[in-house]
Every structure is written in structure tokens, then in C-alpha cells.
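Residues per chain, in single letters:
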Amino acid sequence: MQFYYTSGPLGFGSDPPNPLLFSSAPSLSTKMVVLTDPALDLISLIRSPKPAACFSGVPVVDLSKPDAAARLVEACKEFGFFKVTDHGIPVELMRRLEAEAVKFFSLPPAEKEKSGPAKPLGYGNKRIGANGDMGWVEYLLFAVTSRPLSCTLMDFLREPSACCFRSALKEYLSAVRKLASQVLELMAEGLEIEPRDVISQLVTSEASDGIFRLNHYPPCPVLRGSNYSLTGFGEHTDPQVISVLRSNNSTGLQISLTDGSWVSVPPDEESFFINVGDSLQVLTNGRFRSVRHRVVANGMESRVSMIYFFGPPFAEKIAPLPQLMGEGEHSLYKEFTWDEYKKAAYKSRLADNRLGLFEK
Ligand SMILES: C=C1C[C@]23C[C@@]1(O)CC[C@H]2[C@@]12CC[C@H](O)[C@@](C)(C(=O)O1)[C@H]2[C@@H]3C(=O)O
Ligand SMILES: O=C(O)CCC(=O)C(=O)O
Ligand SMILES: [Fe+2]
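Residues numbered from 1 in each chain as written. Chains lettered and ligands numbered in written order. Predicted model: local features only at pLDDT ≥ 70, side-chain atom pairs only at ≥ 80, totals over all residues. Heavy atoms only, no water.

Student: For the site of ligand 1, give the residues involved together with the corresponding values.
Tutor: Around ligand 1, 18 residues are found, and the nearest of them are R213, Q240, A345, Y346 and S348. Within the side chain of Q240, an N or O atom sits 2.8 Å from an oxygen atom of ligand 1. Take A345: an N or O atom from its main chain is 3.1 Å from an oxygen atom of ligand 1. Considered on its own, ligand 1 offers 480 Å² of accessible surface; in the complex 99% of this is hidden by protein. Judged by the proximity of its atoms to the pocket grid, ligand 1 belongs to the largest cavity. Where the shell around ligand 1 is concerned, the elements lending two or more residues are β8 (133–144), β10 (229–236) and α9 (338–346). Its residues assigned to classes, the shell around ligand 1 shows nine nonpolar, five polar and four charged. (Near = heavy atom within 4 Å. Polar contact = N/O pair within 3.5 Å; in protein donor to acceptor, adjacent residues only side chain to side chain. Areas by Shrake-Rupley, 256 points an atom, 1.4 Å probe, with all protein chains shown as cover. 1 Å grid on protein atoms, 1.4 Å probe; cavity = no way out; pocket = protein on both sides within 12 Å on 5 of 7 lines; lining within 4 Å. Sits in = over half its atoms within 2 Å of the grid points. Helix = DSSP H or I, 4+ residues; strand = E, 2+ residues; numbered from the N terminus. Nonpolar A, V, L, I, M, F, W, Y, C, P; charged D, E, K, R; others polar.)

Given below as C-alpha cells:
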């Protein structure tokens, strides 16, 4: 493959024909590629064609079944990850919000950039966080609390034309908040600890630090016809208690198993995927593992994901729940507040072992 360097913008799907493509040859290995400066970033994101195996073992927790609490605890211990079905949230609501997100991401770059750059909230494009991480992704990151949504909205969402986006977002957030409460209460039940809301109240109080993210991984024309892929969102664990993820029917999400191998999570647009975050690993003194995950974009599909990250109030102490500790059991972690952890997390790179800093 040959690379030529030019200057000019490297855009996403809605832009004019991609300037990276110089010839119409079908495979990456035979393509002549003209590189714009930002395309240098693209090279670092290209991954070799080593596909992760499609994993049929993702634990599925049917919330209507009596064994939900036990299954969920088992999944959190083994994988830190599971899929939730029979959750009662209408798929139409998920599709409504997804359609609004797609509309936003289809706007001309200059329009989208009015809501950016993400610092860390707002519209972001390829740059993830403030410490040099890059991914083939554009996104919107909002702060969401149980306070009125209007407190935390970006300008474009305040405009009368955004009323459908606003109402879908509001309804979706409220439904997912209820789902998270239900899941966290089932966790307490499965762990046999009281009160049942001991974990859920951490993330549903007025002061809880909730973040909502809409991610768009556009197709990448350079990779069409090749079996190369791109780093969409690099490997990491989520710092919060849990993250509730819903995506369209595209592949890309991968999780790391206990042996360090990566497997691909089969998509399911009608279900939710739950990640155990670092804070829940600490609250359970390591019984639950916070799952390392990443998104690999394949260049063909457009992936849209929406993730609600449930964090505790800033002043909350993150320490193992006393109800859970066995006799003589010590905390594996130094004491810290969510504020301290979040500040440290935001100084780290995506792939860093953030909890390592707080291990005893
Ligand atoms: C590189 C970074 C992006 C991130 C903040 C950080 O410095 C390390 C944690 C990252 C993460 C991962 C989960 C969520 O997507 C996120 C919003 C979060 O709370 O922590 C992101 C942060 C981000 O994109 O700003
Ligand atoms: O977009 C996805 O499917 C997952 C992204 C993710 O892990 C994150 O935003 O923290
Ligand atoms: Fe994540």
C-alpha cells in the first residue's frame, strides 16, 4: 500500500467523498491512499485483521425470572458484564433516541462542532478524554442527574427544533434510571445484603454523578472490502458503579475475559448490556470485576451506542460495603471519595489500570 500526504480535512460519513481514497481498487492492500494530516491519526487506529471470536457465553439475565438476582451476581463475578432482557423498556423508545442521535451526527461538521470540543462534556470527534487517546468515533457527552434535565443541556438541545431529541432523551434517561435501580437492588438481593437499596441509592440520589454518552462509529471507506478494522474506542474499564449500554444491531463491542482474551459481543438492539465499573469492584471488595472492554469498528457498519454511566455523589466514600465483609476481611483498597477517583481517572489514559493507584 502506498501513502501520499496532502492537507485537508478528514471527515466522517456525511462528508463529501473521502479524500483518503486515491484509486478505486477494492482491497486495502492494493489501494493507493492519499493521506491528509489528520489521516496520520487514522493509521494509528488501523488494526490488523485478527478478528475476536464471537462469544456465545455472554450471561443473559431475564429480569422476569425468579433466578435473576443469582444469575446477575454470578455474571458480575465471572465477567463483570451481562445482558438484560425482559426489562420493560419499549424498543421504540430506544429507536426514537437512536434516530435523534443519527440526525445529530448527520449534521455538517461545523454544526456539530458548535457543541464541542468535549472538555470533557459536549461534542467530541476522535479525541477521547484529555490525555491523547484517539478512536474512530464521534460522540456527545452529557452530565445527567435526577435534577431537571434542562440544567445540563447543551445549547443545541435547548432550541425549539430539538424538542423531539429532548423528549426522547428525557424519557430514555428516566426509564434507564429505573432499570439501573432494579438491577442494583437485585445485586444486593443476590449478595444477600440489606437494605436492598444500599447500592442503588448511591447512583439515584439528587447529587449522583450521572453521565450519558451517545457514540457514533461511522463506516470507514478506506477499509471497505478489507478485513482490517479500526480502534473505535480503546480498551478500558468504566470508573463508575455500573454502565447501561444499548446499541443498534452492529458488532464492535468486545470484552476481555479473565484469561485476557478478547471476545466479540453479539449485538442485540432490544436488550441492554451492563458493565460492572471500578467503583462497584471496590464496593464489593473485588468480588465483582470491572470489565475491560473496547469497541473495534469494522469500517462497514455504522455503530450507534448510548451509554448511561451511573456514578455516586462526589463526596461519597468508595469503600467495600460493611454488610459484605467477612470476619477478618480487609479492604483491598485505600479509602477515597468518588471525587478523588474521578479526578485521578480523568488524568489517566484510557487503557491505564486506574484502580491500581488505589490498591493497598
Ligand atoms: C481517556 C479518558 C476518557 C475518559 C476519561 C479518561 O481520562 C479515562 C476514563 C475515560 C472514561 C471511560 C468511560 C466513559 O466513557 C467516560 C465518560 C468516563 O467516565 O471515563 C470516559 C472519559 C471521557 O470520555 O471523558
Ligand atoms: O460505544 C460503545 O459501545 C462502548 C463505548 C464505551 O465503552 C464507553 O463509552 O465507555
Ligand atoms: Fe466503556
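Student: So what's going on with the site of ligand 2? Which residues, and what values?
Tutor: By nearness alone, 13 residues border ligand 2, and N215, Y217, H293, R303 and S305 come closest of all. Taking Y217, its side chain carries an N or O atom lying 2.6 Å from an oxygen atom of ligand 2. Contact distances for ligand 2 include 3.0 Å between an oxygen atom and a side-chain N or O atom of H293. Computed on the free molecule, ligand 2 has an accessible area of 300 Å², of which 98% lies beneath the protein chains in the complex. Those elements that provide at least two residues to the shell around ligand 2 are β9 (208–217), β10, β15 (293–297) and β16 (303–313). In terms of residue count, β16 provides more of the shell around ligand 2 than any other element does, four residues in total. Looking at side-chain class alone, the shell around ligand 2 contains six nonpolar, four polar and three charged residues.

Student: Tell me about the packing of helix α2 (residues 68–78) against helix α6 (residues 163–191), and please be specific about residues and values.
Tutor: Where α2 meets α6, the closest approach of the two axes is 8 Å, and the angle between their N-to-C directions is 90°. Relative to α6, α2 is oriented roughly perpendicular. Every residue of α6 that contacts α2 at A68, A69, L72, V73 and C76 is listed here: V183, L186, M187, E189, G190 and L191. (Axes fitted to C-alpha atoms, helices over the stretch in contact; angles between N-to-C directions. Parallel < 35°, antiparallel > 145°, perpendicular 65-115°, else oblique. Contact = heavy atoms within 4.5 Å.)

Student: Can you explain the coordination of the iron ion (ligand 3)? Please cite residues and give values.
Tutor: Within the first shell, the iron ion (ligand 3) binds the protein through H236 (NE2), D238 (OD) and H293 (NE2), at distances of 2.1 to 2.2 Å. Given the relative accessible area of 3%, D238 is considered buried. (Donors = N, O, S within 2.8 Å, 3.2 Å for Na, K, Ca; no water. Buried < 20%, exposed > 50% of the residue type's maximum accessible area, 1.4 Å probe, protein only.)

Student: Account for the pairing of β16, naming residues and giving values.
Tutor: The element β16 is extensively covered by neighbouring structure, given that eleven of its eleven residues are classed as buried. In this structure, strand β11 (residues 242–247) lies alongside β16, joined through six bridges in antiparallel fashion. From the neighbouring strand, S243 faces β16, where its bridge partner is F309. (Pairing = 2+ DSSP bridges.)

Student: I'd like a description of the pattern of salt bridges, backed by residues and values.
Tutor: Where charged atoms of side chains with opposite charge meet at close range, the side chains can pair. Enumeration over the complete set of coordinates arrives at 16 salt bridges. Of the charged contacts in the structure, one is a salt bridge between E138 and K112, with a shortest N-O distance of 2.9 Å. With a gap of 26 residues between them, E138 in strand β8 and K112 in helix α4 (residues 109–113) connect regions that are remote in the sequence. Like K112, E138 is buried. (Salt bridge = Lys/Arg side-chain N within 4 Å of Asp/Glu carboxyl O.)

Student: I'd like a rundown of the sheet that holds strand β13 (residues 262–264), residues and numbers included.
Tutor: Strand pairing in a sheet relies on backbone hydrogen bonds. The paired strands run either parallel or antiparallel. What the six strands build is an open sheet, ordered β3-β10-β15-β12-β13-β4; its pairing is mixed. For this open sheet the edge positions go to β3 (46–47) and β4 (53–54), each flanked by a neighbour on one side alone.

Student: Describe in detail empty space enclosed by the protein, supporting the description with residues and values.
Tutor: Throughout the structure, instances matching the rule amount to five cavities of 30 Å³ or more. Roughly 510 Å³ of internal volume is contained in the largest cavity. Lining the largest cavity are 33 residues, with I128, R213, F233, H236 and L350 sitting closest to its centre. For the lining of the largest cavity, the elements supplying multiple residues, two or more each, are β8, β9, β10, β15, β16 and α9. For the lining of the largest cavity, the per-class residue count stands at 17 nonpolar, ten polar and six charged. (Points joined across faces, edges and corners; volume = space filled by probe spheres on them.)

Student: Summarise the packing of helix α3 (residues 91–105) against α6; cite the residues concerned and give the values.
Tutor: Interhelical geometry of α3 versus α6 gives an angle of 135° and a closest axis separation of 9 Å. Between α3 and α6, the angle falls in the class oblique. Pair α3 / α6 crosses with left-handed handedness. Touching L93, M94, R96, L97, E100, A101 and F104 of α3 are C164, F165, S167, A168, L169, E171, Y172 and A175, all from α6. For the contact of α3 with α6, the class distribution of residues is eleven nonpolar, one polar and three charged. (Left-handed = near helix turned anticlockwise from the far one by under 90°.)

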